[in-house]
Amino acid sequence: MLVFLLLTTLLFVGFHIWYAGRIFPGISFYNINLGGLTKQEALQTIQTQVIPSLPQNVTFVYQDGSWDSNLLELGISYDPQQIADYAFSIGRSGSPAIWLGDTIAILSENKIVSPTILFDENIAAGTLNQIAQQIDQPVEEARLSFEGSNVITARGQIGRTLDVEQTLKAIQQAIREQNFSTIPLAVIETPPDILDAEPYAQTIREFLSSDFILTTPEEFNHEKEEQHLKAEVLSPMLELVKEEQDGQITIDLQFQEFVLENLLNDLAKKYNITTENPRFIFNDTTGEIELYQNGVTGRTLNMSASVSAIQQQIAAGSHEAALVFDYTSPSVADTATGSELGITELVVSQSTYFYGSNSARVQNIKTAASRFLGILVAPGEVFSMAHYIGEVSLDTGFTEALIIYNGKTIEGVGGGVCQVSTTLFRTAFFGGYPILERYPHAYRVSYYEQKAGGYVDSDLAGLDATVYVPLVDLQFQNDSPYWILMEAYVYPEFNQIEWKFYSTSDGRSVEWQTTGPTNIVDPPETKYYLNTDLDEGEIKQVDWEAEGSDVQVDRWIYQNSILTAHDQFITHYEPWGAVYEIGPGVDGYPISEE
């Protein structure tokens, strides 16, 4: 036994002496024997023979795509110095157990050196970010578009984002396994809520196959009305809306809200109804008011409630929805009595005259006056004539007659309406009510200075009022504690219009005084214009001369003989020249240029 130990020791010492400064035999790196080489020789062998022969290319894969790279682009490299140092250290270092294991491997010529691999994650991340530019794509919902009433679909797109962090871990795993040939890319996929819109498109096509009907309710004596929306109107209004509740996503067909609101704004002009008090006529015999026209409950389209109702109906697949309105009742009931309103007697009445008016002017006077028959004016209310007369057009019963416009007397729709406004002005004036807005005519008009029988009284100058809707208005205020009932009547056979205020006298009375026309200015020279549209030899007067002047009217208002107000109405009238149009074949007139 002692001899065996001695021989073993001599053999071990001799083995180490023999391989002093060299790598022990039986040690290899990638099938290249390093045994017997010095560290420097092993380093050179690894650098020139081993590493160049190792695979350098790396292929990343995702689905059907592949991206080629290499170890250098991924920051992967071998450390030949550490490999050589490690090969030399085998059998020379480590615990007794490691040493014994290495020695046995050396003697069996089966010791393989593992490579030392360096990995720079920053370089790898840079390469992956370049690959990400080819992979990453945003999530896109499927889209719908319309060509007329045709529904066109575009498929959505799954969102993709290269997960650089997870892919770096995959590279690290490949390094541990020393297998770089193929590395899967980690990609985060985000599917859209709607990838394929065709099923929804079919739903829309079915929806567009019939009209969508908006209805108004039959309430407060308003008739049901319908607004049909056809496919070509509906199609650009529609959209698909995603809703999530309790983790569940639903897709509903809806109207685009801003488009729907624009539509409803237009419909509101059509379907909104102004609240109107009932109209009455005062029975002079009984002293009671009698219903002339029922009151109207007003309604205003409730935009938000209507939008909600329509969206609910379309989501349910319905083709009809009721518009929602807010209602405002008249402040006076149809059953109101004169005593309830304080309408018990005639408190003021005024008439003006229109001798010499043609049929067109008389028609306009009658049409305008009819707008005011039976109107109630509440205590404290400011009455606007323009509001009640409404639109003055051929479509509303008016016709063309002479009007003053832009410094000329011309044919225009509504000529004669100022006969009505002048009569109202005088009624409010002599009734003692505050006049808040009044505009005189540009020049003196004989109609407004006529008395019964047709003669002209210049003391009535300065008591005219013009109205030109919507720019020029006549307004007064009912400052009494009682309602006013107004009645306006036209008597063509007497060339007269009469305006009456019924209420209850509060003891007021009026005194007035006028300067009459002062600062008289002669009218300018008569002008003659050629009009080839006139008949041969025809002469037509289109403007009449009037003196220019100034008038001041003072009014004193008393209540039970106590002066409560004094106001002045100052009017300036321009001098106005006569104008004639001369037809062909007429000589002897100095023709003026326009």
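Coordinates for the structure precede this section.
So, here is what we can say about the structure in this document. Worth saying up front: this structure is predicted, and the values here are computed from it rather than measured. Per-chain numbering applies: the sequence of each chain, read as written, is numbered from 1 onward. Two thresholds apply to this predicted model, a pLDDT of at least 70 for residue-level local features and 80 or more for giving and counting side-chain atom pairs, whereas whole-chain, interface and lining totals are computed over all residues. With hydrogens and water excluded, all non-hydrogen atoms of the structure serve as input to the side-chain values.

What about the sheet that holds strand β13 (residues 212–215)?
- One bridge is not enough; two strands pair if DSSP finds at least two bridges between them. Secondary structure elements follow DSSP: runs of H or I no shorter than four residues count as helices, runs of E no shorter than two count as strands, and numbering proceeds from the N terminus. Taken together, three strands build an open sheet; the order of strands is β14-β13-β20 and the sheet is mixed. Because the sheet does not close on itself, it has two edges, and the strands there are β14 (226–229) and β20 (320–322). Going from strand to strand, the sheet's axes swing by 20 degrees on average, the running direction of each strand aside.
- Whether two residues touch is decided by their heavy atoms; if any such pair falls within 4.5 Å, the residues are in contact. Every axis in this analysis is a line fitted to C-alpha atoms, fitted for helices over the stretch in contact. Angles between the N-to-C directions lie between 0 and 180 degrees. Packed on one face of the sheet, helix α10 (residues 303–315) meets β13 and β20 and runs near 155 degrees to β20.

Details of the packing of helix α9 (residues 257–271) against α10
- Here α9 crosses α10 at 120 degrees, and the two axes come no closer than 10 Å. When the axes of α9 and α10 are compared, the pair comes out oblique. Between α9 and α10 lies a crossing whose hand is right-handed. Each of Glu257, Leu260, Glu261, Leu264 and Asn265 in α9 lies in contact with α10, whose residues at this interface are Met303, Ser306, Val307, Ile310 and Gln311.
- Here the term charged refers only to Asp, Glu, Lys and Arg, the term nonpolar to Ala, Val, Leu, Ile, Met, Phe, Trp, Tyr, Cys and Pro, and the term polar to all other amino acids, Gly among them. Among the residues forming the contact of α9 with α10, the class breakdown is five nonpolar, three polar and two charged. Angle categories are assigned with fixed cut-offs, so that under 35 degrees is roughly parallel, over 145 is roughly antiparallel, 65 to 115 is roughly perpendicular, and the rest are oblique. Should the near helix be turned counterclockwise from the far one by less than a right angle, the crossing is left-handed, whereas a clockwise turn marks it as right-handed.

Regarding the layout of surface pockets
- What the second largest pocket holds in volume is close to 320 Å³.
- In this structure, the second largest pocket is lined by 16 residues; those nearest its centre are Thr275, Glu276, Asn277, His387 and Tyr388.
- Looking at the lining of the second largest pocket, its residues break down into five nonpolar, eight polar and three charged. Here a cavity means grid points, on a 1 Å grid over the protein atoms only, where a 1.4 Å probe fits yet cannot get out; a pocket means an open set of points with protein on both sides within 12 Å along at least five of seven lines; lining residues are those with an atom within 4 Å of a point. Grid points are joined across faces, edges and corners, and a volume is the space filled by probe spheres set on the points.

Some details on the environment of aspartate 163
- Following the sequence through the fold, aspartate 163 ends up in the loop between β10 (159–162) and α6 (164–177).
- Separated by 426 residues in sequence, aspartate 163 and tyrosine 589 have C-alpha atoms that sit 99 Å apart.
- Excluding anything up to four places from it in sequence, aspartate 163 contacts Ala186, Val187 and Ile188.
- Identification of polar contacts relies on pairs of N or O atoms within 3.5 Å, with a donor-acceptor requirement for protein atoms, meaning one able to donate a hydrogen and the other able to accept it, and with residues adjacent in sequence counted only if both atoms are side-chain atoms. At 3.2 Å, the side chain of aspartate 163 and the backbone nitrogen of glutamine 166 are in polar contact.

Quick word on helix α14 (residues 417–431)
- Expected helix span is given by 1.5 Å per residue-to-residue step, counting one fewer step than there are residues. End to end, α14 covers 21 Å across 15 residues, agreeing with the expected 21 Å (1.5 Å per residue, within 8%).
- Within α14, 14 of the 15 residues are buried, leaving the element largely enclosed by the surrounding structure.
- Backbone geometry just after α14 places glycine 432 at a positive phi near 85 degrees. Per-residue accessibility, obtained with a 1.4 Å probe over protein chains only, is compared with the maximum for each type, and a residue is labelled buried under 20%, exposed over 50%, and partly exposed between these values.

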